[in-house]
Amino acid sequence: MLSVIRLSEVSGSDPDLRAALMAAALPTDDVEDEGRVFFKVTSEDEQTIGFSGIERCLGDVLLRSVVILRAYRGRGIGHNVVEATLRRLKGVGDVYLATTTAAPFFSSMGFVEVPRDSVPAAVLATRQLSSICPSSATIMKLIKPPT
């Protein structure tokens, strides 16, 4: 596992972000819309190892676009990336996400599945939840933030 990772903000038009999302079969349709913040994750030797993103929804946040490049998967880096991203969210309301494949991973990080009708309207109104993700996607809420 890498001991030190660094997050730096990148735009939704960043070609490396788009390529990583596409390679992981994650949506790119709305990455350039306003209200999204993306981070490039680099190692201490400046190698790009992944990306993460957030979307502000009034007082709440949608965690999105967490992807680790294939060469770095399976090393526990995903947990570090999610934790580092969440640490940047001091003072926000609740954190939600939608996933079709990674519910067990996010469960291990303190997220729990929640019914769609319990999710705030601003989060449901995001393009991610209203049209991009299938209605069968699992919606999760953070109940135990990282320490």
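- Taking an unreviewed UniProt entry as the reference, the protein is identified by name as Arsenic resistance N-acetyltransferase ArsN2 belonging to Rhizobium hidalgonense.

## Describing the packing of aromatic side chains
- This model, assessed by the stated rule, comprises two aromatic pairs.
- Measuring from ring centre to ring centre gives 4.9 Å for Phe105 and Phe106, while their planes differ by 80°; the resulting arrangement is edge-to-face.
- Centroid distance Phe106 to Phe111: 5.7 Å. Interplanar angle 80°. Geometry classified as edge-to-face. The two residues Phe106 and Phe111 agree in class, both being buried.
- Chaining the aromatic ring pairs together yields one cluster made of Phe105, Phe106 and Phe111.

## Points about the pairing of strand 4 (residues 60-68)
- Counting buried positions over the nine residues of strand 4 gives nine, a clear majority of the element.
- Both strand 3 (residues 48-57) and strand 4 contribute to a ladder of seven bridges, which runs antiparallel. Along strand 4, the bridge assignment pairs Gly50 with Ile68.
- Here strand 3 folds back onto strand 4 in antiparallel fashion, the turn holding two residues, of which Leu58 has a positive phi close to 55°.

## Comments concerning helix 1 (residues 15-23)
- Among the residues of helix 1, Leu17, Ala20 and Leu21 are the ones counted as buried. Looking straight down helix 1, one finds that the buried residues subtend no more than 95° of arc, so they occupy a single side. What points out from helix 1, more than 90 degrees from its buried face, is the exposed set Pro15, Met22 and Ala23.
- Note on helix 1: the residue one or two positions beyond its end, Ala25, has a positive phi of about 60°.

## Details of the environment of Ser13
- With respect to the secondary-structure elements, Ser13 resides in the loop between strand 1 (5-10) and helix 1.
- Judged by relative accessible area, Ser13 falls into the partly exposed class, the value being 41%.
- Between the C-alpha atoms of Ser13 and Phe38, which are 25 residues apart in sequence, the distance is 9.9 Å.
- Side chain to side chain, Ser13 and Ser11 meet in a polar contact 2.9 Å long.

Calculation criteria
- Residues numbered from 1 in each chain as written.
- Predicted model: local features only at pLDDT ≥ 70, side-chain atom pairs only at ≥ 80, totals over all residues.
- Heavy atoms only, no water.
- Phe/Tyr/Trp six-rings, centres within 6.5 Å; stacked < 30°, edge-to-face > 60°.
- Buried < 20%, exposed > 50% of the residue type's maximum accessible area, 1.4 Å probe, protein only.
- Helix = DSSP H or I, 4+ residues; strand = E, 2+ residues; numbered from the N terminus.
- Pairing = 2+ DSSP bridges.
- Arc of directions from axis to C-beta.
- Polar contact = N/O pair within 3.5 Å; in protein donor to acceptor, adjacent residues only side chain to side chain.

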